[in-house]
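These are the residues of each chain, in order.
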Amino acid sequence: LTASYTDSSDDETSPRDKQQKNSKGNGDFCIKNIKQADFGRREIEIAEQEMPALMALRKRAQGEKPLAGAKIVGCTHITAQTAVLMETLSALGAQCRWAACNIYSTQNEVAAALAEGGFSVFAWKGESEDDFWWCIDRCVNVEGWQPNMILDDGGDLTHWIYKKYPSMFKKIKGIVEESVTGVHRLYQLSKAGKLCVPAMNVNDSVTKQKFDNLYCCRESILDGFVSFVLTLFVFFFSPQVGKGCCAALKAMGSIVYVTEIDPICALQACMDGFRLVKLTEVIRQVDIVITCTGNKNVVVRENLDRMKNGCIVCNMGHSNTEIDVVSCDQIQITDDRVRSQVDHVIWPDGKRIVLLAEGRLLNLSCSTVPTFVLSITATTQALALIELYNAPEGRYKQDVYLLPKKMDEYVASLHLPTFDAHLTELSDEQAKYLGLNKNGPFKPNYYR
């Protein structure tokens, strides 16, 4: 549960102004309220039941510690599922310091449970922009501790180290990046010859694309709208994330329009029965506008001006740059906070639109996400960290890499027992005919 009972009951004092310690007297953290730790621990324990692969990694690592000596600094969503990942990394031998990659997605009670467990966590739900960067800095800038691995979601942590502490990259062995936004930043650095260390692109791994980006968004998009009446028209921007969202909304009886720049994705949308349009063609008629591109200025002020009264606007991409919310402050437009994560943006003539999560990532700000699906991505991240950390010198250069297909298949195989699924094994003759090893990988490295 991303939205918890703690959201409205906490006092308004900034965590930065509090001095808190856990039961062991450790105060190297900054969270909302350490007293919520017991409730957060129960959520983590529930999540563990739905994350079989990470629990299997812990069991297999009881003898060996593949991350012994690893000092991982992380910037991801801090939820019960991420907590299971962090505690798995710790069980594998790593030391961790963590900040949130989104100012609204942190579960305060989970952050409290992690702090009580000895993790250096700097995050709370509802951070300001200044708080956001302060938390990242507290993770990185600490006396007597320097990271040698980065786990990032969105690229903000990597960007901060490049900007403020570039000398740290002398000891950093690699970067693991989960989101399309962060991966785009890494490729830009690589192209400019400024990428100092090897980086693993988890976002484009098969397990991330075919499971997290599709099934996770397909389930959570509806949860994000749970308090609204589903309307007749929905307008969508669609990369891989959009496919799951479109399918969910169509199944609920909505009429879904899609905009797309890529002719291949556009043809897929048409073959799936969606009407492909330009935003300007339908902006006056649609009831809901959803972005999920990872780009900037996808919905600009001119589009907002032309929307119908009551139109709901939200974003399923990682960054808050897709909807031009800032422009609403520049002309006589007022903002009315209806409740947490729901704002009415009101024009001088009385027209209003409903803005969800201030244009930030909807599904982790306003709804829940399926734990089992996130287990697949979290396991992929853990294996990517193990691979980069233990790789012999020279295997990976200062470039961006995809996870080897053998690891993708290993992640998938760890989740099959949940379904009591039984794989068929190739005979020697069949394997020879296909030119494959009987144990995989079964897909070439270029397969996506």
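Structure first, text after, so check above.
Residues numbered from 1 in each chain as written. Predicted model: local features only at pLDDT ≥ 70, side-chain atom pairs only at ≥ 80, totals over all residues. Heavy atoms only, no water.

### Remarks on the sheet that holds strand β3 (residues 120–122)
Alright, step 1. A sheet is described by the order of its strands in space; here seven strands give the open sequence β3-β2-β1-β4-β5-β6-β15, paired in parallel fashion. Of all the strands in the sheet, the pair left with one neighbour each is β3 and β15 (400–402). Across the sheet, the axes of successive neighbouring strands diverge by a mean angle of 20 degrees, strand direction being ignored.
Alright, step 2. The pairing of strand β1 (residues 71–76) with strand β2 (residues 95–100) spans six bridges and is classified as parallel. In the strand pairing of β2, T76 is matched with A100. (Pairing = 2+ DSSP bridges. Helix = DSSP H or I, 4+ residues; strand = E, 2+ residues; numbered from the N terminus. Axes fitted to C-alpha atoms, helices over the stretch in contact; angles between N-to-C directions.)

### Re the pairing of β1
Alright, step 1. A large share of β1 lies buried, amounting to five of its six residues.
Alright, step 2. Where the polypeptide runs from β1 across helix α4 (residues 80–91) and back to β2, its parallel neighbour, the crossover connection is right-handed.
Alright, step 3. For β1 and strand β4 (residues 149–152), the ladder comprises four bridges, and the chain directions are parallel. Bridge assignment links I72 to a residue of β4, and that residue is M149. (Buried < 20%, exposed > 50% of the residue type's maximum accessible area, 1.4 Å probe, protein only. Right-handed = clockwise from strand over helix to strand, strands pointing away.)

### Things to note about the nonpolar core
Alright, step 1. By size, the foremost hydrophobic cluster in this structure holds 53 residues, and its most contacted members are L67, I72, L89 and V121.
Alright, step 2. Broken down by secondary-structure element, the contributors of at least two residues to this core are α2 (37–49), α3 (52–60), α4, β2, α5 (108–116), β4, α15 (371–390) and α16 (405–415).
Alright, step 3. Looking at which element gives the most residues to this core, the answer is α15, with nine residues.
Alright, step 4. Residues in contact with L67, not counting those within four places in the same chain, are I72, L89, L92, G93, A94, L385, I386 and Y389.
Alright, step 5. Within the second largest apolar cluster, 29 residues are counted, among which are C101, L157, Y162 and V197. (Core = buried A, V, L, I, M, F, W, Y, C linked by side-chain atoms within 4.5 Å. Contact = heavy atoms within 4.5 Å.)

### Side note on the packing of aromatic side chains
Each aromatic ring pair is specified by the distance between its two centres and by the angle formed by the two planes.
Alright, step 1. Evaluation of the coordinates by the stated rule reveals six aromatic pairs.
Alright, step 2. For the ring pair W133 and W160, a centre distance of 5.2 Å and an interplane angle of 25 degrees mean the geometry is stacked. With a gap of 27 residues between them, W133 in helix α6 (residues 129–140) and W160 in helix α7 (residues 156–164) connect regions that are remote in the sequence.
Alright, step 3. Among the residues examined, W133 registers a relative accessible area of 24% and is labelled partly exposed.
Alright, step 4. Both rings, one in Y396 and one in Y401, keep their centres 4.9 Å apart while their planes meet at 75 degrees; by these two values the pair is edge-to-face.
Alright, step 5. For Y401, a relative accessible area of 23% corresponds to the partly exposed category. (Phe/Tyr/Trp six-rings, centres within 6.5 Å; stacked < 30°, edge-to-face > 60°.)

### Some remarks on the pattern of salt bridges
Alright, step 1. Summed over the entire model, instances satisfying the criterion amount to 13 salt bridges.
Alright, step 2. One salt bridge in this structure joins R138 and D28, with 4.0 Å as the shortest N-O distance. Of this pair, R138 sits in helix α6 while D28 is found in the loop between α1 (6–9) and α2, placing the two residues 110 residues apart along the sequence.
Alright, step 3. Using a relative accessible area of 24% as the deciding quantity, one classes D28 as partly exposed.
Alright, step 4. Here K438 makes a salt bridge to D428, at a shortest N to O gap of 3.1 Å. Of the two residues, K438 sits in the segment after α17 (428–434) while D428 sits in helix α17, which places them 10 residues apart along the sequence.
Alright, step 5. Judged by relative accessible area, D428 falls into the exposed class, the value being 56%.
Alright, step 6. Overlapping salt bridges bring together R16, D130 and D131 as one network. (Salt bridge = Lys/Arg side-chain N within 4 Å of Asp/Glu carboxyl O.)

### Thoughts on the packing of α3 against α16
Alright, step 1. At a minimum axis distance of 8 Å, the contact between α3 and α16 shows a crossing angle of 100 degrees. Considering the angle they form, α3 stands roughly perpendicular to α16. Side by side, α3 and α16 meet where P52, A53, A56, L57 and R60 of the first sit next to Y410, L414 and H415 of the second.
Alright, step 2. In terms of residue class, the contact of α3 with α16 is made up of six nonpolar, one polar and one charged. (Parallel < 35°, antiparallel > 145°, perpendicular 65-115°, else oblique. Nonpolar A, V, L, I, M, F, W, Y, C, P; charged D, E, K, R; others polar.)

### A word on α2
Alright, step 1. When the terminal C-alpha atoms of α2 are compared, their 19 Å separation across 13 residues agrees well with the 18 Å that a helix rising 1.5 Å per residue should span.
Alright, step 2. Listed in full, the buried residues belonging to α2 are A37, G40, E43, I44, A47 and E48. Viewed along the axis of α2, the buried residues span an arc of 145 degrees, placing them on a single side of the element. In α2, the exposed positions that point more than 90 degrees away from the buried face belong to D38, I46 and Q49. (Expected span 1.5 Å × (residues − 1). Arc of directions from axis to C-beta.)

### Digging into the environment of E393
Alright, step 1. Mapping E393 onto the fold places it in the loop between α15 and β15.
Alright, step 2. Relative accessible area serves as the criterion here: at 86%, E393 is assigned to the exposed category.
Alright, step 3. Distance from E393 to K173, taken between C-alpha atoms, is 9.7 Å for residues 220 residues apart in sequence.

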